[in-house]
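Next come the chains, spelled out residue by residue.
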Amino acid sequence: MLSETLSAEQLDRAVLNRLMQEISTQPASTKTRIGINDSQLQELFVIISNARGFINGSEIANVRAMCAAWDESAASDNARITEEIVAYKAREQLTQTFIAKYYGVVLFDVEAILDERSLPLFRAYMNDRRRLANAGMTSWGSPVQNISAGTDTIKFHCRTN
């Protein structure tokens with residue numbers, strides 16, 4: 001099992017996804033914590049839900065970059081697998097950077113619906129959750145960390161022998 005702490009690019013996404021879960025399971029306490037009304041709660045949920053739906057397909061692009069690197073490589077054995085790992089990680093970082101920028105826009109959209117009373121409460125919530133995420137949330141990490149995992153991943157996703 002691969003596990004690593006969340007990167008800076010993953011924090012806001014994780015915190016906002018957690019907020020969406022809290023809105024679904026504890027709407028009354030979420031409204032109180034952030035100081036919003038029913039209409040704002042619903043709008044907040046829609047904004048975060050739309051962002052989550054838009055982003056979920058990003059992993060397939062990383063796998064495609066890995067397979068393309070495999071198909072286009074003239075190297076052999078471990079050198080070829082290393083090229084694939086580099087391609088996967090480069091595409092993964094591009095994805096994470098995009099997601100971080102996208103969630104920056106999502107945060108801007110969320111803050112735009114909040115009033116002067118709820119905005120500081122929301123920001124305090126986000127800062128608290130970011131701090132907690134840094135302390136304990138983990139990511140499964142990249143499935144392509146080393147030669148052995150890279151070989152298995154290539155065989156599975158890229159249909160090689």
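Because the structure is a prediction, the values reported are computed rather than measured.

Observations regarding the nonpolar core
Ranked by internal contacts, the top residues of the largest apolar core, which has 23 residues, are Leu16, Leu19, Leu44 and Phe122. Elements supplying a minimum of two residues to this core: helix H1 (8-25), helix H3 (38-55), helix H5 (77-112) and helix H6 (118-136). Excluding residues that lie within four positions of it along the chain, leucine 16 makes contacts with Ile48, Tyr103, Val106, Leu107, Phe122 and Met126. In this structure, Val63, Met66, Tyr88 and Cys158 belong to the second largest nonpolar core, which totals five residues.

Describing the packing of H1 against H5
Packed helix pairs are specified by the crossing angle of their axes together with the interaxial distance, meaning the distance between the axes. Between H1 and H5, the shortest axis-to-axis distance is 8 Å and the interhelical angle comes to 50°. By the angle between their axes, H1 is oblique relative to H5. Two packed elements cross with a definite hand, and for H1 against H5 that hand is left-handed. Of the residues in H5, those touching H1 at Glu9, Gln10, Asp12, Arg13, Leu16 and Asn17 are Gln93, Gln96, Thr97, Ile99, Ala100, Tyr103, Val106 and Leu107. Of the residues belonging to the contact of H1 with H5, the class tally is six nonpolar, five polar and three charged.

A look at H5
Along an α-helix, a turn takes 3.6 residues, which lines up residues three or four apart on a common side. The terminal C-alpha atoms of H5, which comprises 36 residues, lie 53 Å apart, in line with the 52 Å expected from a rise of 1.5 Å per residue. Those residues of H5 that fall on the buried side of the exposure criterion are Ile81, Glu84, Ile85, Tyr88, Glu92, Thr95, Gln96, Ile99, Tyr103, Val106, Leu107 and Val110.

Here we look at the environment of glutamine 21
Structurally, the position occupied by glutamine 21 is in helix H1. A C-alpha to C-alpha distance of 9.1 Å links glutamine 21 and phenylalanine 45, two positions 24 residues apart in sequence.

Digging into the confidence of the model for the chain
Detailed reading of the predicted coordinates is not advisable wherever pLDDT is low. Summary statistics for the chain give a mean pLDDT of 82 and a share of 79% for residues scoring 70 or more. Per-element confidence in the chain is highest for helix H2 (residues 27-34), whose mean pLDDT is 95, and lowest for strand E2 (residues 138-139), whose mean pLDDT is 50.

Description of the packing of aromatic side chains
Geometry of an aromatic ring pair is reported as the spacing of the ring centres plus the angle between the planes. All told, the structure shown has two aromatic pairs when counted by the stated rule. On the numbers, 6.1 Å between centres and 15° between planes, the contact of phenylalanine 98 with tyrosine 102 is stacked. Taken together, the positions of phenylalanine 98 and tyrosine 102, both in helix H5 and four residues apart, correspond to about one turn of that helix. A ring pair is formed by tyrosine 102 and tyrosine 103, whose centres lie 5.9 Å apart and whose planes are at 90°; its orientation type is edge-to-face. Assessed through its relative accessible area of 23%, tyrosine 102 is described here as partly exposed. In this structure an aromatic cluster arises from ring pairing among Phe98, Tyr102 and Tyr103. Against the face of tryptophan 70 rests arginine 80, its NZ or CZ located 3.9 Å from the ring centre.

Calculation rules
Residues numbered from 1 in each chain as written. Predicted model: local features only at pLDDT ≥ 70, side-chain atom pairs only at ≥ 80, totals over all residues. Heavy atoms only, no water. Core = buried A, V, L, I, M, F, W, Y, C linked by side-chain atoms within 4.5 Å. Buried < 20%, exposed > 50% of the residue type's maximum accessible area, 1.4 Å probe, protein only. Helix = DSSP H or I, 4+ residues; strand = E, 2+ residues; numbered from the N terminus. Contact = heavy atoms within 4.5 Å. Axes fitted to C-alpha atoms, helices over the stretch in contact; angles between N-to-C directions. Parallel < 35°, antiparallel > 145°, perpendicular 65-115°, else oblique. Left-handed = near helix turned anticlockwise from the far one by under 90°. Nonpolar A, V, L, I, M, F, W, Y, C, P; charged D, E, K, R; others polar. Expected span 1.5 Å × (residues − 1). pLDDT = per-residue confidence, 0-100. Phe/Tyr/Trp six-rings, centres within 6.5 Å; stacked < 30°, edge-to-face > 60°. Lys NZ or Arg CZ within 6 Å of the ring centre and 35° of its normal.

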